[in-house]
Amino acid sequence: MGRPMLGLVLFLVALVTVLWVHKPLVAQVSPAPVAQPTLTASASLLEQGMQLYQNQQFAEAAKVLQQVVDQTQDKPLDRALALNFLSLTQQKLGQWTPATAALTTSLRLLEGRSDREAIPIRARVLNTQGQLQLSQGQGEAALESWRQATVAYRQAGDGEGVVISQINQAQALQTLGLYQQALDQLLQVGQTLQGQPNSLTKAIGLRSLGNALRVVGDLQQSQTVLNQSLTIARELKATQVIAEINLSLGNTAQARQTFPEALNFYRQAATTAVLPLTRTQAHLNQLSLLLDTRNWAEAVPLIPTLQPLVLNLPPSRAAVYARINFAQSLTRLRQVPEVQNPLPSWPDIARITAGAVQQAKTLGDTRAESFALGNLGRLYEQTQQWGTAQELTQQALLLAQGVNAKDITYRWQWQTGRLYRATGNPQGAIAAYQEAVTTLKALRSDLVSINPEVQFSFRDSVEPIYRELVSLLLKPGKQEVSQENLDQARLAIESLQLAELEDFFRQACLDANPVKIDQIDRTAAVLYPIILPDRLEVILSLPGKPLTHTALSLPQEEVERALRELRIAVASPISRDYLPLSQRVYRWLIQPLEGAIEQSQVKTLVFVLDGVMRNVPMTALHDGKQFLVEKYGVALAPGLQLLDVKPLQQERLKILAAGLSEARQGFTPLPSVETEITQIRSKIPGTALLNDDFTIENLRNQVEISVAPIVHLATHGEFSSRADRTFILTWDDRLNVRQLTDLLRERSVPGQAPIELLVLSACRTAIGDRRAALGLAGVAVRAGARSTIGTLWYVSDEATQSLMVQFYQELIQKATSKSESLRQAQKFLLASETYSHPYYWAPYVLVGNWL
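A quick note: this is a predicted structure, and the numbers were derived from the prediction, not measured. (Residues numbered from 1 in each chain as written. Predicted model: local features only at pLDDT ≥ 70, side-chain atom pairs only at ≥ 80, totals over all residues. Heavy atoms only, no water.)

Regarding the overall build of the protein chain
Part 1 of the argument: Each helix and strand counted, the protein chain has 36 helices and 13 strands in total.
Part 2 of the argument: Counting all 851 residues of the protein chain, 62% fall into the buried class.
Part 3 of the argument: Partitioning the intrachain contacts of the protein chain with sequence separation of at least 6 by distance along the chain shows that 71% fall at a separation of at least 24.
Part 4 of the argument: Summed over all atoms, the accessible surface of the protein chain reaches about 32,100 Å², with 49% contributed by carbon and sulfur. (Helix = DSSP H or I, 4+ residues; strand = E, 2+ residues; numbered from the N terminus. Buried < 20%, exposed > 50% of the residue type's maximum accessible area, 1.4 Å probe, protein only. Contact = heavy atoms within 4.5 Å. Areas by Shrake-Rupley, 256 points an atom, 1.4 Å probe, with all protein chains shown as cover.)

Regarding the pairing of strand β12 (residues 787-791)
Part 1 of the argument: Buried residues dominate β12, accounting for 5 of its 5 residues.
Part 2 of the argument: Neither face of β12 is exposed, since Ser787, Ile789 and Thr791 on one face and Thr788 and Gly790 on the opposite face are all buried.
Part 3 of the argument: Where strand β11 (residues 757-765) lies against β12, 3 bridges are found, and the strand directions are parallel. Along β12, the bridge assignment pairs Val759 with Ile789.
Part 4 of the argument: As defined by bridge partners, β12 adjoins strand β13 (residues 844-848) across 5 bridges and the pair is classed as antiparallel. Within β13, the position partnered with Ile789 by the bridge is Leu846. (Pairing = 2+ DSSP bridges.)

Concerning the pattern of salt bridges
Between side chains of opposite charge, a pair can form when the charged atoms approach closely.
Part 1 of the argument: Enumeration according to the criterion identifies 24 salt bridges in this entry.
Part 2 of the argument: Of the charged contacts in the structure, one is a salt bridge between Arg535 and Glu537, with a shortest N-O distance of 2.7 Å. Residue Arg535 shares its accessibility class with Glu537, and that shared class is buried. (Salt bridge = Lys/Arg side-chain N within 4 Å of Asp/Glu carboxyl O.)

Side note on the pairing of β11
Part 1 of the argument: Counting buried positions along β11 yields 8 of 9 residues, so the element is predominantly enclosed.
Part 2 of the argument: Pairing analysis gives 8 bridges linking strand β8 (residues 710-719) to β11, with the strands arranged parallel. If you follow Leu713 over to β11, its bridge partner there is Leu760.

Examining the packing of helix α14 (residues 276-292) against helix α16 (residues 302-311)
Part 1 of the argument: At a minimum axis distance of 10 Å, the contact between α14 and α16 shows a crossing angle of 140°. Comparing their axes, α16 and α14 come out oblique. α16 is crossed by α14, and the crossing has left-handed handedness. Of the residues in α16, those touching α14 at Arg279, Thr280, His283, Leu284, Gln286, Leu287 and Leu290 are Leu302, Thr305, Leu306, Leu309 and Val310. (Axes fitted to C-alpha atoms, helices over the stretch in contact; angles between N-to-C directions. Parallel < 35°, antiparallel > 145°, perpendicular 65-115°, else oblique. Left-handed = near helix turned anticlockwise from the far one by under 90°.)

Let's talk about the packing of aromatic side chains
Part 1 of the argument: Throughout the structure, instances matching the rule amount to 9 aromatic pairs.
Part 2 of the argument: Both rings, one in Phe807 and one in Tyr808, keep their centres 5.1 Å apart while their planes meet at 70°; by these two values the pair is edge-to-face.
Part 3 of the argument: Judged by its relative accessible area of 0%, Phe807 falls in the buried class.
Part 4 of the argument: Pairwise contacts between aromatic rings join Tyr321, Phe371 and Trp412 into one cluster. (Phe/Tyr/Trp six-rings, centres within 6.5 Å; stacked < 30°, edge-to-face > 60°.)

As for the confidence of the model for the protein chain
Part 1 of the argument: Confidence in the prediction of the protein chain, expressed as mean pLDDT, is 85, and 88% of residues score 70 or more.
Part 2 of the argument: Element-level pLDDT for the protein chain is lowest in helix α1 (residues 12-19), with a mean of 24, against a maximum mean of 97 in helix α28 (residues 578-589).
Part 3 of the argument: Contacts for the low-pLDDT stretch residues 1-39, under 50 throughout, to residues beyond four places or in other chains number 128 contacts.
Part 4 of the argument: This model gives residues 447-456 a pLDDT under 50, and the stretch forms 39 contacts once residues within four places in sequence are excluded. (pLDDT = per-residue confidence, 0-100.)

Topic: empty space enclosed by the protein
Part 1 of the argument: Applying the stated criterion to the full structure yields 6 cavities of 30 Å³ or more.
Part 2 of the argument: In this structure, the largest cavity spans a volume of roughly 140 Å³.
Part 3 of the argument: What lines the largest cavity is simply Gln497, Phe607, Val608, Leu609, Arg614, Leu636, Ala637, Pro638, Ala773, Leu776, Ala777 and Val847.
Part 4 of the argument: In terms of residues, the lining of the largest cavity owes the most to one element, helix α33 (residues 773-782), which gives 3 residues.
Part 5 of the argument: Looking at the lining of the largest cavity, its residues break down into 10 nonpolar, 1 polar and 1 charged. (1 Å grid on protein atoms, 1.4 Å probe; cavity = no way out; pocket = protein on both sides within 12 Å on 5 of 7 lines; lining within 4 Å. Points joined across faces, edges and corners; volume = space filled by probe spheres on them. Nonpolar A, V, L, I, M, F, W, Y, C, P; charged D, E, K, R; others polar.)

Points about unusual backbone geometry
Part 1 of the argument: The residue Lys237 is not glycine, and still its phi comes out positive at about 55°.
Part 2 of the argument: Along the chain, the position of Lys237 falls in the loop between α11 (219-235) and α12 (239-255).
Part 3 of the argument: Taking the relative accessible area as the measure of exposure, Lys237 reaches 70% and is therefore exposed.
Part 4 of the argument: Its identity as a non-glycine residue notwithstanding, Asn691 has a phi of 55°, on the positive side.
Part 5 of the argument: Residue classification places Asn691 among the buried residues on the basis of a relative accessible area of 7%.

Brief notes about the packing of helix α13 (residues 259-272) against α14
Part 1 of the argument: Look at α13 against α14: their axes get within 8 Å of each other, and the N-to-C directions meet at 155°. Our classification of the angle between α13 and α14 gives roughly antiparallel. Relative to α14, the crossing made by α13 is left-handed. Here α13 contributes Phe259, Ala262, Leu263, Tyr266, Arg267, Ala269 and Ala270 to the contact with α14, which in turn contributes Arg279, Ala282, His283, Asn285, Gln286, Leu289 and Leu290.

Some thoughts on the nonpolar core
Part 1 of the argument: In this structure, Phe607 and Leu713 are the most contacted members of the largest nonpolar core, which totals 148 residues.
Part 2 of the argument: Sort the elements by how many residues they give to this core and helix α25 (residues 483-505) lands first, with 9 residues.
Part 3 of the argument: Contact partners of Leu713, with chain neighbours within four places excluded, come to Ala658, Phe694, Leu699, Ile728, Leu740, Leu758, Val759, Leu760 and Ser761.
Part 4 of the argument: In this structure, Ala253, Leu287, Ala299 and Ile303 belong to the second largest nonpolar core, which totals 88 residues. (Core = buried A, V, L, I, M, F, W, Y, C linked by side-chain atoms within 4.5 Å.)

Some details on α13
Part 1 of the argument: The end-to-end C-alpha distance of α13 is 20 Å, a good match for the 20 Å that 14 residues give at a rise of 1.5 Å each.
Part 2 of the argument: Of the residues making up α13, those classed as buried are Ala262, Leu263, Phe265, Tyr266, Ala269 and Ala270. Along α13, the residues classed as buried sweep out an arc of 160° about the axis, all on the same side. Among the exposed residues of α13, those oriented more than 90 degrees off its buried face are Pro260 and Thr271.
Part 3 of the argument: Elements that come into contact with the buried residues of α13 comprise α12 and α14. (Expected span 1.5 Å × (residues − 1). Arc of directions from axis to C-beta.)

See the structure below:
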């Protein structure tokens, strides 16, 4: 029996340091260095195969590795190792069945072996098996494989392998929706790396960790870890690794929306990179970011430098995607009227993309070929050559489906829908869009860690699909919109809300069950206002009645401008011109439907709000005589499918209240908070944490032991469209939305009921963030609370205290529903001379179950 070729697998180090400088879906690793055996013929072939793999020439690599497998029939360990690498290559080619068979055979060859030479190979095979399982949506199986791999790497004394397999475990945990466990795992990896002496392996491990932290949305920690990695690489003067870390830092800075910083990192990466691929990717990222920030003056001069770099890359999957990336940026520039400089023509861009298609075919890379063909179809779509565009798109779709590449399949289904729509086939378009939505639902967890080869933006690549489907379903024609189309449009909007929340949390862990309004409350109506490019649609759902809708021909810009103006007016206590704006929006949303609403004797209006509407208080809409809050209880819902419909149990109500009245961490004092909490506790028994008692640890401890169904937090906080910028303030720190929601779900009392009501009484939505209220919806859904009350802007401290005391008085003493209790408290302020302006009473919104 020959010795296994362990020394040669050091090529896998390059997979961590070179291939994917964006967001690696699964980390791969080499073993610790060992003495290299004398090269045999099969060893030389393995070296050749791994070099081809490193160069992303996967089809050629598979042929060579198959030869190694055939030549090592009498050398079980060598064959097991070769089969592992063959499986890796087949996975890249989307050949899932042979990849699985190769691993099965490899593990069978290792069965019962516990010797020093077999253990590191077993670790590697288990690591590869986890990657294959995760790629096929088997998150639990992948997690178990990586846990076994970690044990084997430890037995082999391979510290780097342990680190990478633990990073992979975090990826699997995140895919399963176990965010806190994933984060704990990554923190454990960080501690392991911190305890190691500085080395190139440590720098590479920290960079992998930083990339993983970016994927799960922990951007601040990602930046910190990557900076540590950079410091070590600079000490070691590892020029190429420094360039790759700078590229990772640029990606994290871009995710944090610190664009000048990101550009600086990309420039440094491009300047210092030794490998042409890294230099090219840095320039491509730089160009894309300049286009995102509309910096045409700096973007255009990059093209002459970038074009030869892209076109001269040796054939590989990375080269294919670089060509496509470059062509996409050129396409964007050609659509900017301000850019007068000579640019490559449409035929030139098509030739660059066609070169990517040909290169992918030569490589035998079906996935890359699909992506290139689809993008070529997109070019023909933009130049309105519909027939060729359809033909190319169908080819791309068939190839993507053939290798089960859902993350690009949905793009070509969407593209097919657009082409059908453009050529006057609305039914075909609807069917294609619905297929895209179905594929997106199947993707769910992958959307938060999309394949790094395909650049992903929720707002560009997912949200438009739902909106365009709704527009098609509701498009006025010769006949009335059918009930089926109305129902599908409503479901599409609810699915968009769910997808937005999953993107917000960077995880797919929200349980959704379709619910009918009749099953919740026969005195409530649900309104779905939908902002489309050319019109404003409103779907109305009344108990026991068919869906109805209205459409108003209004440009999206006009609708959003009016909503922004209304928000500014009602959020300013000195503004006196809010009524005309409020009445205008009322005429758009409510007036066409108010007859049907009144006939149904509705008491509560539930809004599933869209886009910038989330930042506007619906209670402040005015019919010319009175505000909406004077007529109806008002609640917000991310969608009926996310609601827990049980009403508040009045018996033995208790409260856990916490707040800051003193100035802290640069925030102003809230002197009325102490009075607020004291008066609330006089109405409801419970526990209070005030000022220096309100620490994260104390709050966590109280939540764990508390049986209180109401949690009331009176402190500064901010809701944002980004999870890392959504937080509440405690005495000792800022508690971000993930920490807060995980903390609130940690109750440890056996059989304990969930939080019935979470109140955040001094928070606001981030100024200038058009989707900021998404953060409030995120807290409401993820915290596990049936209902959440928050505020859309910072309100008078005294007004807040007065409203909250009145709210609890209504809720406890009069035993009214949560929406009715909030309505009465808002009316209480509205009736007062001091607080009658909407600024004081309108920002309080109830999200979730209103019963």
